[in-house]
Amino acid sequence: MNALTIKNFSKEYRGGTKAVDELNLEVKEGDFFGLLGPNGAGKSTTIHSITGIVNPTGGSIEVFGKNVVSEYREARALVGLSPQEFNADIFATPVQILDWMGGYYGMSKKDRKERIEVLLDQFNLRDHKKKMFRMLSGGLKRRVLLARAMMNSPKLLILDEPTAGVDVELRRELWQHLQDLNKEGVTIILTSHYLEEVEKLCKTIAIISDGKVAKQGDKHDFFKEPGGLESAYLEITKK
Amino acid sequence: MNFIRLYTLIRRQMDSWLRSPINSIVSPWISAGLFIFIFGFVLGGRIDEIGGVSYLLFVFPGILAMNVLSGSFMQAANGLYFQRFMKTIEELLVSPLSYFELMLGFTVGGIIRALVIGSGILVIGLIFGAVTFANPLLFIYYTIVIAAIFSLVGIIIGLWANSFEQLGALNIFVITPLSFLGGMFNTLEMLPPLMQKIAVFNPFFYFIDGMRYAMTGFANSNLLIGNIVLLTLLFGLSGVVWYLFKIGWRIRE
C-alpha cells in the first residue's frame, strides 16, 4: 500500500502564483523518502497540502488511502509534521506544547502523560521541560517540534528541513533516531538542503523543480550516474 | 465530535488569557466599576426612576452586557489573530479537529472569558446594590447567547484581520458606538424621533434590552422580536463561521 499518493496536484496561491503544477508522486509504506529541490520549487507547498496547512487547488492527495480533503480527519490522524519554521507558542513549555498536540489528536490524559515522558527522554528535553519555548536554543526548539510531530505516533512522518540550525551532535542523534523509527515501520518523508543527509538516510529520492517532479528513483540509481546525487540535483535545478 | 479535542482547544484558549489577567480580566472589571460608580451611583442618584426601577438598576445590565460582549469578542478575535500571526494555528490545521470543533472551541473560549468578566462585574454591582434578578434563567440565557454571538463575530474578525489596526477597527467603529446607542444609558423614548426609528434596527438594542428585562423586569422592546434577532444571529453566524473554517478562509489559502 502507498503511504502517500499524489495525483495531478496543483496549488495556485491568491494573486495567481502557481507553486505546484500537476505534481504526481507515490511514496510506498515503510519508505524513507527524500524530497529535494531548490527554494521555491514547491516542496513546502506540497508538504503543507498533505498536512492540511494549505488547501490544494487541483488534483488529489491520499494518505494511506484517505483523501486529505474529503477524509481529512482520518488522514491527519495518520500524519506527523515537523515544520521548517518554529511555529510553537513561544510562551508555552515543551510539556504544554506536547500536551496540547496530544489533546488535538484526541489522546486521553493518561496516554498523553505517558507519551510525553517517552518523548522527553527520546529528545533529551527532560532538563528543559519547564522552560518557555522562546528561552530554548535553536537546537532545542527543533527537538521540541520533532517531539511534537511524534506525539500521535504517526504512520507517516513528514520532516521539513529538520536539521536546519542543528549542531552536528544532535544531527547525528536525530539521524539514528529517524533510522530506528523507519525500521519500526514509520514512513518518513524528508526535505533537506543537506544532500549528505538525504544520501545517508533516504531509500527513495525525488527532485522537484518548478512545481513538478523532475526526477524520481531509488537512491542507488542516482549514485550510478557520474557525479552522483549532487550532479543530478545541480543539472535539474540549473534548468 | 471528540470531547478531548474540543476540551484541549478550550483549555488552549483559556491559557492565553490567563497569562495576562490584568489586561484580560481586571481591566474590564475596573472600567465597569467606574461606569457603575459614576453613571449609576453618582449621576443616577439625581435621575428619576425609569420604568419603575432606579437609574442604577436600569444602567447596570447595559454595562454588564457591553463587557460580556466585548470580552467574548476580544477573546475570539485576538486569540485567533495571534495564532495566525505567530503561525501556531498550524498546530490546529494539521490536527484532526473538525470544522465544527474549531468553531465550538473558539466560541466556548470566548464565552468562558465573558462569564469570568461578567461574574466579577456582578460582584462589583452587588457592592453598589445594582443587582436584581427578575428571571435568573433568562439572565443566564441572555448572557451566554450574547457572548456566543460576539465570539462568533470575533472569530470572523480574527480570520479577516491582517493587522492590529484591522483587529481593533470593529471594536472602535461598530461595537462601542452601537453599544452606547443601543440603550445602555437610556430608553428608546429619550432619543430624538429619528434616532428612535433607527435604534430598532440596532441589534445591540435587543441584547441590552433582553439583559435588562431578565434583571429588572423592565423591557423597552418586544422580547419576541429581540429573541428572533438574537437566535437568527447566533445560528446564522455559526453557519458562516463553520463554512469559513471549512473553506480555510485566510488560514489555508
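The model shown is predicted, which means the values in this text are computed figures rather than measured ones.

K.L.:
Is there a simple way to think about empty space enclosed by the protein in this case?
P.N.:
Vacant regions in the atomic arrangement are exposed by a probe of water-molecule size rolled over the atoms. Counted under the stated rule, the structure contains two cavities of 30 Å³ or more. A volume near 90 Å³ is recorded for the largest cavity. Forming the walls of the largest cavity are 14 residues, and the residues nearest its centre are Leu-81, Met-101 and Arg-148 of chain A together with Glu-90 and Val-94 of chain B. Elements with a contribution of two residues or more to the lining of the largest cavity: strand 6 (79-82) and helix 5 (138-150) of chain A together with helix 4 (89-93) of chain B.

K.L.:
Got a minute to help me understand the packing of aromatic side chains in this structure?
P.N.:
The geometry of two aromatic rings is summed up by the distance between their centres and the angle between their planes. With the rule as written, the count across this model stands at 25 aromatic pairs over all chains. Each ring, one from Phe-58 of chain B and one from Phe-218 of chain B, has its centre 6.0 Å from the other, and the planes form 55°; the classification is tilted. On the criterion of sequence distance, the pair formed by Phe-58 of chain B in helix 3 (residues 55-85) and Phe-218 of chain B in the loop between helix 9 (203-216) and helix 10 (223-247) is long-range, its members being 160 residues apart. Overall, the relative accessible area of 15% leaves Phe-218 of chain B in the buried class. Taking 5.5 Å as the distance between ring centres and 85° as the angle between the ring planes, the aromatic pair formed by Phe-150 of chain B and Phe-207 of chain B counts as edge-to-face. Placement of Phe-150 of chain B in helix 6 (residues 136-160) and of Phe-207 of chain B in helix 9 is noted, with a sequence separation of 57 residues between them. There is no split in this pair, since Phe-150 of chain B and Phe-207 of chain B are both buried. A connected cluster of aromatic rings, assembled from ring pairs, spans Phe-35, Phe-39, Phe-180 and Phe-185 of chain B. Directly above the aromatic system of Trp-100 of chain A lies the positively charged group of Arg-12 of chain B, at a separation of 4.3 Å from the ring centroid. Sitting over the ring of Phe-58 of chain B, Arg-212 of chain B keeps its end group 3.6 Å from the ring centre.

K.L.:
Where do I start with the domain arrangement of chain A in this structure?
P.N.:
Size of an interface: often given as the accessible area lost when the parts come together. Residue and element names in this part refer to chain A. Each assigned domain of chain A is listed with its residue range as follows: domain 1 (2-78 + 154-238) and domain 2 (87-153). Once you take the C-alpha centre of each, domain 1 and domain 2 turn out to be 24 Å apart. On the domain 2 side, the residues contacting the 17 residues of domain 1 number 13 residues. Across the domain 1 to domain 2 interface the summed buried area is about 1,100 Å²; carbon plus sulfur atoms make up 63%. The three residues of domain 1 that bury the most area against domain 2 are Pro-154, Leu-170 and His-177, which together make up 40% of that side's buried surface.

Parameters at a glance
Residues numbered from 1 in each chain as written. Chains lettered and ligands numbered in written order. Predicted model: local features only at pLDDT ≥ 70, side-chain atom pairs only at ≥ 80, totals over all residues. Heavy atoms only, no water. 1 Å grid on protein atoms, 1.4 Å probe; cavity = no way out; pocket = protein on both sides within 12 Å on 5 of 7 lines; lining within 4 Å. Points joined across faces, edges and corners; volume = space filled by probe spheres on them. Helix = DSSP H or I, 4+ residues; strand = E, 2+ residues; numbered from the N terminus. Phe/Tyr/Trp six-rings, centres within 6.5 Å; stacked < 30°, edge-to-face > 60°. Buried < 20%, exposed > 50% of the residue type's maximum accessible area, 1.4 Å probe, protein only. Lys NZ or Arg CZ within 6 Å of the ring centre and 35° of its normal. Domains from an automatic or database assignment. Contact = heavy atoms within 4.5 Å. Buried area = accessible area lost by both parts, 1.4 Å probe.

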